[in-house]
Amino acid sequence: MQAILRVPVAVFSLLLEVCLFWYRKLWGRWTSKTPIDEWLNVLRHAEVYEDWDHAALQLDNLKELNLWRNNPASHYYDWMLISDRLDSIVEARDNNDPQSLLDLLRSGLVRNLGNITSPRLYNRAFAGTKYLIEEYIAQVAGAIEDINHRVATPLHDMYTHSYTLSTQRKLDFLHDSRQAFGRSTLILQGGAMFGLCHLGVVKALFLRGLLPRIITGTATGALIASIVAIHTEDELPGVLRGDGINLSAFKIHGQQVHDEHSWALFAGTNWATLLRRIVRFWREGYFLDVKVLEECVKANVGNLTFEEAYNRSKRVLNITVASKGNPALLNYITAPNVLIWTAALASNASSPSFYGTTQTTILCKDVTGQIVPWTSADSFDVHTHASDQNHKSPLSRIAQLFNVNHFIVSQARPYLIPFLESDMHGPSLFTARYKRAQMTGHLFRVVGLELRHRLRQLDTLGLLPVTVRRFLVDEEVPTGVGASVTLVPEVTARDFARLLETPTKETLDYWILRGERSVWPAVGALTVRCAVEYEIERAYQHARSLKAGGLRRKSSADGGAAVFHPGQAATGPSQNSRPSAQSTITN
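Conventions used here
Residues numbered from 1 in each chain as written. Predicted model: local features only at pLDDT ≥ 70, side-chain atom pairs only at ≥ 80, totals over all residues. Heavy atoms only, no water. Helix = DSSP H or I, 4+ residues; strand = E, 2+ residues; numbered from the N terminus. Buried < 20%, exposed > 50% of the residue type's maximum accessible area, 1.4 Å probe, protein only. Contact = heavy atoms within 4.5 Å. Areas by Shrake-Rupley, 256 points an atom, 1.4 Å probe, with all protein chains shown as cover. Polar contact = N/O pair within 3.5 Å; in protein donor to acceptor, adjacent residues only side chain to side chain. Patch = residues over 30% accessible without salt bridge, like charges linked within 9 Å, V, L, I, M, F, W, Y side chains within 5 Å. Salt bridge = Lys/Arg side-chain N within 4 Å of Asp/Glu carboxyl O. Lys, Arg positive; Asp, Glu negative; His and termini not counted. Charge placed at Lys NZ, Arg CZ, Asp CG, Glu CD. Core = buried A, V, L, I, M, F, W, Y, C linked by side-chain atoms within 4.5 Å. pLDDT = per-residue confidence, 0-100. Arc of directions from axis to C-beta. Axes fitted to C-alpha atoms, helices over the stretch in contact; angles between N-to-C directions. Parallel < 35°, antiparallel > 145°, perpendicular 65-115°, else oblique. Left-handed = near helix turned anticlockwise from the far one by under 90°. Nonpolar A, V, L, I, M, F, W, Y, C, P; charged D, E, K, R; others polar. Phe/Tyr/Trp six-rings, centres within 6.5 Å; stacked < 30°, edge-to-face > 60°. Lys NZ or Arg CZ within 6 Å of the ring centre and 35° of its normal.

Overview of the overall build of the protein chain
Helix and strand counts for the protein chain stand at 25 helices and 8 strands. Within the span of the protein chain, comprising 587 residues, buried residues form 49% of the whole. Pairs at least 24 apart in sequence give 78% of the contacts found in the protein chain among residues at least 6 apart. With the model as given, the accessible surface of the protein chain reaches about 28,600 Å², and the carbon-plus-sulfur share is 58%.

Looking at the environment of Glu-533
Position of Glu-533 among the secondary structure elements: in helix H24 (residues 523-546). Overall, the relative accessible area of 5% leaves Glu-533 in the buried class. The spatial distance from the C-alpha of Glu-533 to the C-alpha of Ser-184 is 8.3 Å, given a sequence separation of 349 residues. Discounting residues that sit within four places of it in the chain, Glu-533 has contacts with Arg-111, Phe-181, Gly-182, Arg-183 and Ser-184. Within the structure, Glu-533 has its side chain in polar contact with the side chain of Ser-184 (distance 2.7 Å).

Observations concerning a negative patch on the surface
On the surface, Asp-78, Asp-84, Asp-87, Glu-91, Asp-94 and Glu-135 cluster together into a negatively charged patch. Ranked by the residues each element gives to the negative patch, the list is headed by helix H5 (residues 79-94), at 4 residues. Take Glu-91: it is sitting in helix H5.

So, the nonpolar core
A general trend in soluble globular proteins is that nonpolar side chains are found buried together. The biggest cluster of nonpolar side chains holds 130 residues, and the ones touching the most others in it are Phe-306, Ile-319 and Phe-402. When residues no more than four places from it in sequence are discounted, the contact partners of Ile-319 are Gly-217, Ala-222, Ser-226, Phe-306, Ala-328, Leu-329, Leu-330, Ile-340, Ala-343, Ala-344 and Ser-347.

Things to note about the side chain of Arg-315
With respect to the helices and strands, Arg-315 occurs in the loop between helix H15 (306-313) and strand S3 (316-323). Of the residues examined, Arg-315 reaches a relative accessible area of 2% and is grouped as buried. One polar contact links the side chain of Arg-315 to the main-chain carbonyl oxygen of Pro-212, over a distance of 3.4 Å.

Regarding the confidence of the model for the protein chain
Close inspection of predicted coordinates is inappropriate for parts of the model with low pLDDT. Averaged over every residue, the pLDDT of the protein chain is 77; the share at 70 or more is 67%. Long-range and interchain partners of residues 155-161, a stretch whose pLDDT sits below 50, account for 8 contacts in this model, where long-range means more than four residues apart. Note that pLDDT drops below 50 for residues 380-390; the model gives that stretch 18 contacts with residues more than four away or on any other chain.

Quick word on helix H19 (residues 394-402)
Considered for burial, the residues of H19 that qualify are Pro-394, Leu-395, Ile-398, Leu-401 and Phe-402. Mapping the buried residues of H19 onto a view down its axis gives an arc of 120 degrees, with all of them on the same face.

A few points about a nonpolar patch on the surface
On the surface, a nonpolar cluster with roughly 320 Å² of combined accessible area is contributed by Leu-458, Leu-461 and Leu-463. Position of Leu-461 among the secondary structure elements: in the loop between helix H20 (432-460) and helix H21 (466-474). Note on Leu-461: relative accessible area 64%, which makes it exposed.

So, the packing of H5 against helix H6 (residues 98-107)
Relative orientation of the contacting elements H5 and H6 amounts to 155 degrees, with a least axis distance of 9 Å. It follows from the interaxial angle that H5 and H6 lie roughly antiparallel. The two elements H5 and H6 cross, and the hand of that crossing is left-handed. Contact with H5, carried on its side by Arg-85, Ser-88, Ile-89, Ala-92 and Arg-93, involves Ser-100, Leu-101, Leu-104, Leu-105 and Ser-107 of H6 and no other residues of that element. Per-class residue counts for the contact of H5 with H6 are 5 nonpolar, 3 polar and 2 charged.

Side note on the packing of aromatic side chains
The way to describe two aromatic rings as a pair is by their centre distance and the angle between their planes. Tallied over the entire structure, the rule returns 7 aromatic pairs. On the basis of an interplanar angle of 20 degrees and a centroid distance of 6.0 Å, the ring pair of Tyr-49 and Trp-52 is categorised as stacked. Of this pair, Tyr-49 and Trp-52 both sit in helix H3 (residues 49-62), 3 residues apart, which is roughly one turn of the helix. Take Tyr-49: its relative accessible area is 13%, and that puts it in the buried class. Aromatic pair Phe-194 and Trp-511: ring centres 5.1 Å apart, planes at 50 degrees, arrangement tilted. Here Phe-194, found in the loop between strand S1 (183-189) and helix H9 (197-207), pairs with Trp-511, found in helix H23 (residues 505-519); they are 317 residues apart in sequence, far enough to count as distant. Assessed through its relative accessible area of 0%, Trp-511 is described here as buried. Its guanidinium or amino end placed over the ring of Trp-341, Lys-298 lies 5.0 Å from that ring's centre, counting from NZ or CZ. Here the basic side chain of Lys-314 rests over the ring of Tyr-310, its NZ or CZ set 6.0 Å away from the ring centre.

Observations regarding the pattern of salt bridges
All chains considered together, the criterion is met by 15 salt bridges. Salt-bridge contacts for Glu-516 lead to Lys-203; the nearest nitrogen and oxygen are separated by 3.7 Å. Of this pair, Glu-516 sits in helix H23 while Lys-203 sits in helix H9, placing them 313 residues apart in sequence. The salt bridge partner of Glu-235 is Arg-312, with a shortest N-O separation of 2.9 Å. With Glu-235 in the loop between helix H10 (220-229) and helix H11 (236-240) and Arg-312 in helix H15, this residue pair connects regions lying 77 residues apart in the sequence. A relative accessible area of 30% places Glu-235 in the partly exposed class. Taking relative accessible area as the criterion, Arg-312 reaches 38% and is therefore assigned partly exposed. Overlapping salt bridges, with partners in common, bring together Asp-60, Arg-69 and Glu-134 in one network.

Right under this line is the structure:
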């Protein structure tokens, strides 16, 4: 009997051992991390660009995406055209033939030549795009540098039959190249607390030499743009670390309120700030105190005007302000004597839900230096919906004033982030969790696109309220292939609970890193889009410095806006003179 019973027990033990063996094996395989998983983890949690770039290169090697980068062929761009032009430029440089270089460069001064800026070319691999495109851009930039540093000699040597460049001809070529290629602008749109990500965007672009000289801001983006545009190249690193931003107004106000009210027991916690702002919204209809914002802006910007800020940093600051329901554009040409802090405050206070309906007076300096109220010309326009429809986007106005044809948009509006995705986001991470999140994100974006489409239909019929239409016009980027790139920070549901927090040094560091991470996947694309532009700007300023003012072209004799390559010292006209609008456009 016992022998009979031992058989089932032995079989059961054997089956149990087999089950445990496969359980351990499958569980180990499920929980073990492959090299791809480890590098993905490094990619997601990198705190500096160098670590992110190293992880991206490793992932490209592991997933064999570097084979795609090495293969020049693709139906997304004209790779044969780029290859032929690359061979011609290399040959002209090797033969020291400046005339051929000039002809090649003039015929290819297009940012999207052969469709090389297509987003499909930058979302296939982690670390960049086709090596052919990257090499082509490097050779074009090198050719411009060769022309820039060529010693001025007679145009034609009758004995050697060699062709060389004079300084005047070089200056004319670079001036025409600047006009033909166009310029870039960085647009910082909205954000509330999410708007602090803009600091990280500016920091990442600045450290990689990709920060445009023309910066535009709206709402919280106007505050960040103001702080960036008033500082010189040497001062910017400290500001972009958060050390140069004065947040004492929020700290002092918060302490005063906690001392006066019954929720002082929660002082020092986020609950106290959240409770205080909810009570304010219940009683007064808005969350934030515009007076505290005013003190903060004044502490960081001072009483600088747009013209004074331009003369100090040589950066062009643009701020959009609601005027009769439409965004008006303020800069050193349209409003040279306006105080920057009042324009930035007006751009923020146009949101009644956050700051109430308080009307912010824009101030300016008169001829004697006294601060007086400023009145814009369009404040006297008759307001109708037809005039609203004829009102163009402020970005179109920037394109007209400064020859801008490329827009780098940092989007941080809380009500838009769930429906948007960065144009340059890299390939899928090939994990089940990421695929589910990706499908949810795609669904949200489809809903957002459909909603915006319906709003534009209502606007066409004249049925859209002015306050809603203002945001549509404000966010309207001029269309065109390769004309813009959108950067969107990655936020979680928990981040939305931080919208009403009081800014501190810790929160600044948190959001700056979020903003930086939104830029890193787009570095390769922005280099392709902007490297030639910045090299032309640098060469042009160098050529201008070698040429006497009386010998320059008439269109550039007025001085013009000095443009510099990111990371280098600014050069240009004296601090006491302001160029005219015409010289700004042509120079």
